[in-house]
Amino acid sequence: APLRAVPAPQPMSTVAVVNIIDRPGTGKDRLNEIAQVIKTKILDGSLQQALRESIHDAIHITPVIGDVDESYQKIKAVNISACAANMETLINRFSVAYTRHQVPHALMHACENYAQREAFSHDAIVDKHDRAKCRKATKMFMNSWKYGKGKVDYSHFCIDLCELKNGRDAIRCDAMKYLAAGK
């Protein structure tokens, strides 16, 4: 048999997103002060060096730290309570309009609707990936709902929906968890 060339390992990268929030209820807004310190540490290279050393200490690999970008924005938390109430109302209405066995098909069919797919898009481009997210969300819901015989935690499901759209542990999706950690 002819020898086949073994492909060279492909370089891999990891992008880390760090959310820094202020501790609520203290009467102090230290984010501007923190932003200045971060900017200084990035410009003098000490943040990258500290990251390099910490990663090496943790996993015994010396990484190459690329560009470190900073951006500042106000985060608008997703209203999980409103989402949960809307989802429960939607499913109750679907359960009246359709048989319980038709509800999954109706929900899946809704994923073909542009506005529905748009709800799953994290950017301005609505594409097949957004339809796939919608279908995945429908399957996740159906696994809990079980044709109306299961118990759905709509709040938890809404967090899952938000993370499906915005990424796992996205601060917008579970801001209360992050705010509670800052207390």
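Residues numbered from 1 in each chain as written. Predicted model: local features only at pLDDT ≥ 70, side-chain atom pairs only at ≥ 80, totals over all residues. Heavy atoms only, no water.

A. Fine view of the state of the cysteines. Under the criterion given, the structure shown has 3 disulfides. The disulfide bridge from Cys83 ends at Cys158, spanning 2.1 Å between sulfur atoms. Disulfide Cys83 to Cys158: torsion about the S-S bond roughly -85°, handedness left-handed. Residue Cys83 is found in helix H3 (residues 80-97), and its partner Cys158 is found in helix H7 (residues 154-166); the two are separated by 75 residues along the sequence. Of the two residues, Cys83 and Cys158, neither departs from the other in class, the shared state being buried. Here Cys162 engages in a disulfide with Cys173; their sulfurs sit 2.1 Å apart. Taking the sign of the S-S torsion, about -75° here, the bridge from Cys162 to Cys173 comes out left-handed. With Cys162 in helix H7 and Cys173 in the loop between H7 and helix H8 (175-181), this residue pair connects regions lying 11 residues apart in the sequence. Of the two residues, Cys162 and Cys173, both sit in the buried class. The connectivity of the disulfide-linked cysteines in the protein, indexed sequentially, is 1-4, 2-3, 5-6. (Disulfide = S-S within 2.5 Å. Helix = DSSP H or I, 4+ residues; strand = E, 2+ residues; numbered from the N terminus. Buried < 20%, exposed > 50% of the residue type's maximum accessible area, 1.4 Å probe, protein only.)

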